Amino acid sequence: MSNHQERAPRSHLNLPIQFVSPYGLATGLCVNVSESGMLAAFDRRVDVWLEGDLSFLIEEQKFTIKARVVRIDGLEAGLWFRIENEADQATVKGLLALAEASKNGPPQES
């Protein structure tokens, strides 16, 4: 028997983000997103286990969720979402919906 837990499915998403921690601001782009976290490419290196506020815009509305850096590879960082309430759940659902919509492309005109 294995204790291996399946990774949540990832969806590609190109979305500008900001990560604010006690060590300052790191800006970057989301590479992909899942219901548990995000892979992001930052303008500077962030440290593993660093916690902070991850912010982004969806349709001109600002969303923020707490996140922890769980792995790094150069300027890329794996972030785990700290989901504490229904608003956090809604934020993650919004990210996943945006990823799904961007996968399908813009609506086609008839």
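Just above sits the structure.
Only a predicted model underlies this, so the values are computations on that prediction, with no experimental measurement involved. (Residues numbered from 1 in each chain as written. Predicted model: local features only at pLDDT ≥ 70, side-chain atom pairs only at ≥ 80, totals over all residues. Heavy atoms only, no water.)

Participant: Explanation requested: the sheet that holds strand β3 (residues 37-42) in the structure shown.
Facilitator: The sheet built from 6 strands closes into a barrel, its strands ordered β1-β2-β3-β6-β5-β4 with antiparallel pairing. On average, each strand axis in the sheet is inclined to that of its neighbour by 45°, with strand direction left out of account. (Pairing = 2+ DSSP bridges. Helix = DSSP H or I, 4+ residues; strand = E, 2+ residues; numbered from the N terminus. Axes fitted to C-alpha atoms, helices over the stretch in contact; angles between N-to-C directions.)

Participant: Whenever I open this one, the environment of serine 102 confuses me. Can you help?
Facilitator: Note that serine 102 resides in helix α1 (residues 86-104). Accessibility expressed as a relative area gives 42% for serine 102, which makes it partly exposed. For serine 102 and histidine 12, which are 90 residues apart along the polypeptide, the C-alpha to C-alpha distance reads 8.5 Å. For serine 102, the contacting residues outside a window of four places in its chain are His12 and Leu13. (Buried < 20%, exposed > 50% of the residue type's maximum accessible area, 1.4 Å probe, protein only. Contact = heavy atoms within 4.5 Å.)

Participant: Would you explain a nonpolar patch on the surface in this entry?
Facilitator: Together, Val48, Trp49, Val70 and Trp80 make up a nonpolar patch on the protein surface, roughly 390 Å² of accessible area in all. In this structure, valine 70 sits in strand β5 (residues 61-73). (Patch = residues over 30% accessible without salt bridge, like charges linked within 9 Å, V, L, I, M, F, W, Y side chains within 5 Å. Areas by Shrake-Rupley, 256 points an atom, 1.4 Å probe, with all protein chains shown as cover. Salt bridge = Lys/Arg side-chain N within 4 Å of Asp/Glu carboxyl O.)

Participant: So what exactly am I meant to see when it comes to unusual backbone geometry here?
Facilitator: Most peptide bonds are trans, and most residues other than glycine sit at a negative phi. The phi dihedral of glutamate 59 falls on the positive side, at around 50°, and the residue is not glycine. Among the secondary structure elements, glutamate 59 is positioned in the loop between β4 (51-58) and β5. The phi dihedral of glutamate 60 falls on the positive side, at around 65°, and the residue is not glycine. Take glutamate 60: it is sitting in the loop between β4 and β5. Looking at glutamate 60, the relative accessible area reads 78%, which means it is exposed.

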